[in-house]
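Survey of secondary and tertiary structure
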Amino acid sequence: MRLAILIAVVLLLLAGALCLPRPYPLACPPGTHADPDRQARLVARLQDALPRLATPEAQAVSQSPELGAWCFGQESELREQGPLLLDQDLGDDEATARAAHLLLHLLVAPWPPSQAPCAERVKAAVNAEARALSLELELRQALGVTTPKVAYAFAAEHQQTPPAQRTALLERLLHAFPDGAPGVPGLAGAYAQRCRASEP
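Here goes a summary of the coordinates provided. Keep in mind it's a predicted model, so treat the numbers as computed, not measured.

**Considering the overall build of the protein chain**
- Tallying secondary structure elements over the protein chain gives eight helices and four strands in all.
- Counting helices and strands in the order they occur from the N terminus, the protein chain gives α-β-α-α-β-β-β-α-α-α-α-α.
- Buried residues in the protein chain amount to 40% of all 200 residues.
- Long-range pairs, those at least 24 residues apart, make up 65% of the contacts in the protein chain with a sequence separation of at least 6.

**Things to note about the state of the cysteines**
- For the structure on display, the rule yields two disulfides.
- At a sulfur-sulfur separation of 2.0 Å, the disulfide partner of Cys 28 is Cys 71. Across the disulfide from Cys 28 to Cys 71, rotation about the S-S bond amounts to roughly -90 degrees, and the bridge is consequently left-handed. With Cys 28 in the loop between α1 (2–19) and β1 (33–34) and Cys 71 in strand β2 (residues 70–73), this pair connects stretches of sequence that are 43 residues apart.

**A short note on the packing of aromatic side chains**
- With the rule as written, the count across this model stands at two aromatic pairs.
- Taking the centre distance of 5.2 Å and the plane angle of 25 degrees together, the rings of Trp 111 and Tyr 191 count as stacked. Residue Trp 111 is located in the loop between α4 (92–107) and α5 (118–143), and its partner Tyr 191 is located in helix α8 (residues 187–198); the two are separated by 80 residues in the primary sequence. Taken individually, Trp 111 and Tyr 191 each receive the classification buried, so the pair is uniform in this respect.
- Where Tyr 152 meets Phe 154, the ring centres are 5.3 Å apart and the plane angle is 10 degrees; that geometry is what we call stacked.

**Comments concerning the side chain of Ser 76**
- Mapped onto the secondary structure, Ser 76 falls in the loop between β2 and β3 (77–78).
- From its side chain, Ser 76 meets the backbone nitrogen of Asp 87 in a polar contact 2.9 Å long.
- Excluding its chain neighbours within four sequence positions, the residues that come into contact with Ser 76 are Leu 85, Leu 86, Asp 87, Leu 90, Arg 98 and Leu 102.

**Remarks on the layout of surface pockets**
- Roughly 220 Å³ of internal volume is contained in the second largest pocket.
- Leu 137, Arg 140, Val 145, Ala 155 and Gln 159 are the residues nearest the centre of the second largest pocket, which is lined by 13 residues in total.
- Taken together, the elements giving at least two residues each to the lining of the second largest pocket come down to α5 and α6 (155–160).
- The leading source of residues in the lining of the second largest pocket is α6, at four residues.
- Among the residues forming the lining of the second largest pocket, the class breakdown is eight nonpolar, four polar and one charged.

**Re the sheet that holds strand β4 (residues 84–87)**
- Pairing is mixed in the open sheet, where four strands are placed in the order β1-β2-β4-β3. Strand pairing shows two members of the sheet lacking a second neighbour, β1 and β3, which therefore form its edges.
- As paired elements, β3 and β4 share two bridges and run antiparallel to each other. By the bridge assignment, Glu 77 is partnered in β4 with Leu 85.
- Contacts from helix α2 (residues 36–49) reach β1, β2 and β4, with the element oriented near 110 degrees to β2.
- Relative to β4, α4 is tilted by about 160 degrees, and along the sheet it contacts β2, β3 and β4.

**A look at the pattern of salt bridges**
- By the definition in use, this model includes 11 salt bridges.
- Taking the shortest distance from any N to any O, the salt bridge between Arg 38 and Asp 92 comes out at 2.9 Å. Taken together, the residues span a long stretch of sequence, with Arg 38 in helix α2 and Asp 92 in helix α4 at a distance of 54 residues. Note on accessibility: Arg 38 and Asp 92 belong to one class, buried.
- The shortest N-O distance in the salt bridge between Glu 94 and Arg 140 comes to 3.3 Å. Here Arg 140 lies in helix α5 and Glu 94 lies in helix α4, a separation of 46 residues in the sequence. Like Glu 94, the residue Arg 140 is buried in the burial classification.
- Through salt bridges with shared partners, one network takes in Arg 38, Arg 41, Arg 45, Asp 92 and Asp 93.

What counts, and at which threshold
Residues numbered from 1 in each chain as written. Predicted model: local features only at pLDDT ≥ 70, side-chain atom pairs only at ≥ 80, totals over all residues. Heavy atoms only, no water. Helix = DSSP H or I, 4+ residues; strand = E, 2+ residues; numbered from the N terminus. Buried < 20%, exposed > 50% of the residue type's maximum accessible area, 1.4 Å probe, protein only. Contact = heavy atoms within 4.5 Å. Disulfide = S-S within 2.5 Å. Phe/Tyr/Trp six-rings, centres within 6.5 Å; stacked < 30°, edge-to-face > 60°. Polar contact = N/O pair within 3.5 Å; in protein donor to acceptor, adjacent residues only side chain to side chain. 1 Å grid on protein atoms, 1.4 Å probe; cavity = no way out; pocket = protein on both sides within 12 Å on 5 of 7 lines; lining within 4 Å. Points joined across faces, edges and corners; volume = space filled by probe spheres on them. Nonpolar A, V, L, I, M, F, W, Y, C, P; charged D, E, K, R; others polar. Pairing = 2+ DSSP bridges. Axes fitted to C-alpha atoms, helices over the stretch in contact; angles between N-to-C directions. Salt bridge = Lys/Arg side-chain N within 4 Å of Asp/Glu carboxyl O.

Remember that the coordinates give geometry; whether it matters functionally is a separate question.
What follows is the structure, given as structure tokens:
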């Protein structure tokens, strides 16, 4: 009897473990590939560069800089319930900075489940994007990226702005160009559209 109960308990625990949500799929999505050697190289760059940045965002990412497997393909993005995807054509330093941006989103999701009004959700999402973009730009500067593949129109102004005011600067720019502009991603408009689409 005791053995039967023990076996039942073990089976329940195993079933629960198998049903736990996985932060990453077992394989990279179609059109992308894993590159453990390059990931290790980028993580080493992160571990070296993040302590130079005295920001809460850098500290958060430095505490857990890998968070699963990374995949490399044609673009950099973070898919829901998917791995971190990096543009394989980025140089290592630019890719490192972009990875930090995406890792921050993994730690603090810009679009968590919420019943708040769209305006509030978009404002919070833009704040999260501004903090991630600021971290990316600060790492580009720390790593000496001078000719990035992905150029931001606000990079120079960001660098000249006192660190404590950089997130607010980027928030204003993202709200000023909700649908984007050359060198400015259309994030505010994209989040607003996403929120409207989810409304009943």
